[in-house]
Amino acid sequence: MTAPPPAPLVDTHAHLHDAAFASDREAVLARARAAGVARILSVGTDRGSARDAVALAAAQPDVYAAVGIHPHDAGQADEAALAEIAALARAPKVVAIGEIGLDYFRNLAPRDVQQGALRAQLAVAREAGKPVLLHCREAHADLLAILRAEGVGRVGGIMHCFSGDLEVAREALALGLLVSIAGPVTYPNARRLAGVVQALGLDSLVIETDCPYLPPQPWRGQRNEPAYLAVTAARVAALCGVPAAVAAVRTTATACARLGIPLPKGGSGGAGGPA
Ligand SMILES: [Zn+2]
Ligand SMILES: [Zn+2]
């Protein structure tokens, strides 16, 4: 007798095209599939990695791509770069614009330059009619103000690797965004994030690895990969007081609907029942 297959998960934010996976990407994908990760969104951070993400999505049936310029690289977001991102956004299996946003923690680009790149790429997203993937560190007030001013609700999006407090989360939801939970929710000291998950409940949440960065607790200090998403999913399920299969089914349905990607088969997970 074999165990039933795990309920399918969607990794809504990975950098699977990254050089960190150059030597064993097929094995990483095989482990992801075996762990029930049925869809992976590979997210670009500059022109080169956006092209790489699009190429990987074209080559792998269960990989999708997002294209955008990260706030760290906002200085590169000139007219030619923005035109290339807009062109890549029309490629098959490109389902979102990102990652874009503000990072006042590392401040690798001046704040006004980051804000300009964010506004310009929100315009690209409106033009493409695609949701946005938002990166934000220690910049939530400015980010929310820009998202409101630029009418982000017309395209929707996901606050990736959420690190804000409950008030920020509620404002993001009011703007039409989802909140994405990454590996840090499994860290013993992640009390604020755990509280956000419990307060928001499952229907506002999706999950991600952000691999190769931010591995869940058992793999801290190592390279992260999509197969580890199951550990984050299990922690979110426990915080929400539901079986793991229920959390898988509901976050998968939410992610597929927001990103406009097909729902994987086996989506019922045999979980049934209200939660
Ligand atoms: Zn990020
Ligand atoms: Zn990322």
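Above this note sits the structure.
Calculation notes
Residues numbered from 1 in each chain as written. Chains lettered and ligands numbered in written order. Predicted model: local features only at pLDDT ≥ 70, side-chain atom pairs only at ≥ 80, totals over all residues. Heavy atoms only, no water. Buried < 20%, exposed > 50% of the residue type's maximum accessible area, 1.4 Å probe, protein only. Helix = DSSP H or I, 4+ residues; strand = E, 2+ residues; numbered from the N terminus. Pairing = 2+ DSSP bridges. Right-handed = clockwise from strand over helix to strand, strands pointing away. Donors = N, O, S within 2.8 Å, 3.2 Å for Na, K, Ca; no water. Tetrahedral: all angles 85-135°; square planar, octahedral: opposite > 155°, others 65-115°. 1 Å grid on protein atoms, 1.4 Å probe; cavity = no way out; pocket = protein on both sides within 12 Å on 5 of 7 lines; lining within 4 Å. Points joined across faces, edges and corners; volume = space filled by probe spheres on them. Nonpolar A, V, L, I, M, F, W, Y, C, P; charged D, E, K, R; others polar. Salt bridge = Lys/Arg side-chain N within 4 Å of Asp/Glu carboxyl O. Axes fitted to C-alpha atoms, helices over the stretch in contact; angles between N-to-C directions. Parallel < 35°, antiparallel > 145°, perpendicular 65-115°, else oblique. Contact = heavy atoms within 4.5 Å. Left-handed = near helix turned anticlockwise from the far one by under 90°.

Let us now look at the pairing of strand 4 (residues 94–103). When you tally the buried positions in strand 4, you get ten out of ten residues, the bulk of the element. Of the pairings in the sheet, the one linking strand 3 (residues 63–67) to strand 4 comprises three bridges and is parallel in character. Considered in strand 4, the bridge of Val 67 is made with Ile 97. Summarising the sheet, strand 4 and strand 5 (residues 132–137) pair through five bridges and their orientation is parallel. Residue pairing for strand 5: Ile 97 is matched across the bridge by Val 132. Traced from strand 4 through helix 4 (residues 111–128) to strand 5, the parallel crossover comes out right-handed.

The subject of this paragraph is the coordination of the zinc ion (ligand 2). Around the zinc ion (ligand 2), the protein supplies His 13 (NE2), His 15 (NE2), Glu 99 (OE) and Asp 210 (OD) as donor atoms, at distances of 2.1 to 2.4 Å. Classification of the site at the zinc ion (ligand 2) rests on its four donor atoms, whose angles at the metal span 87 to 177°, yielding the label irregular. If you list the donors of the zinc ion (ligand 2) from N- to C-terminus, the spacing comes out as H-x1-H-x83-E-x110-D. The distance between the zinc ion (ligand 2) and the zinc ion (ligand 1) comes to 3.5 Å, and Glu 99 binds to both of them. One end of the pair, His 13, is in strand 1 (residues 9–14); the other, Glu 99, is in strand 4, and 86 residues separate them in sequence. Residues His 13 and Glu 99 agree in their burial class; the two are buried.

What follows is about empty space enclosed by the protein. Counted under the stated rule, the structure contains one cavity of 30 Å³ or more. The volume enclosed by the largest cavity comes to roughly 30 Å³. Around the largest cavity, the lining residues are Leu 134, Cys 136, His 140, Met 159, His 160, Cys 161, Phe 162 and Ser 163. Looking at side-chain class alone, the lining of the largest cavity contains five nonpolar, three polar and no charged residues.

With that settled, consider the pattern of salt bridges. Taken as a whole and judged by the stated rule, the model has eleven salt bridges. When the shortest N-O distance is used, the salt bridge between Glu 225 and Arg 31 registers 2.7 Å. Placement of the pair is Glu 225 in the loop between strand 8 (205–207) and helix 8 (229–240) and Arg 31 in helix 1 (residues 25–34), with a sequence separation of 194 residues. Classification of Glu 225 as buried rests on a relative accessible area of 3%. When the shortest N-O distance is used, the salt bridge between Arg 126 and Glu 150 registers 3.1 Å.

The axes of two packed helices give the description: the angle between them and the distance between them. Where helix 5 (residues 140–149) contacts helix 6 (residues 166–174), the two axes come as close as 11 Å, and the packing angle between them is 10°. Between helix 5 and helix 6, the crossing angle belongs to the class labelled roughly parallel. Residue-level inspection shows His 140, Leu 144 and Arg 148 of helix 5 in contact with helix 6, the latter providing Val 168, Glu 171 and Ala 172. Split into classes, the residues belonging to the contact of helix 5 with helix 6 amount to three nonpolar, one polar and two charged.

What follows deals with the packing of helix 6 against helix 7 (residues 191–200). One can describe the packing of helix 6 onto helix 7 by two numbers: an axis separation of 10 Å at closest approach and a directional angle of 40°. Relative to helix 7, helix 6 is oriented oblique. Crossing geometry of helix 6 relative to helix 7 is assigned as right-handed. Contacts between helix 6 and helix 7 involve Leu 166, Ala 169, Arg 170 and Leu 173 from the former and Val 196, Ala 199 and Leu 200 from the latter. Of the residues contributing to the contact of helix 6 with helix 7, the split by class is six nonpolar, no polar and one charged.

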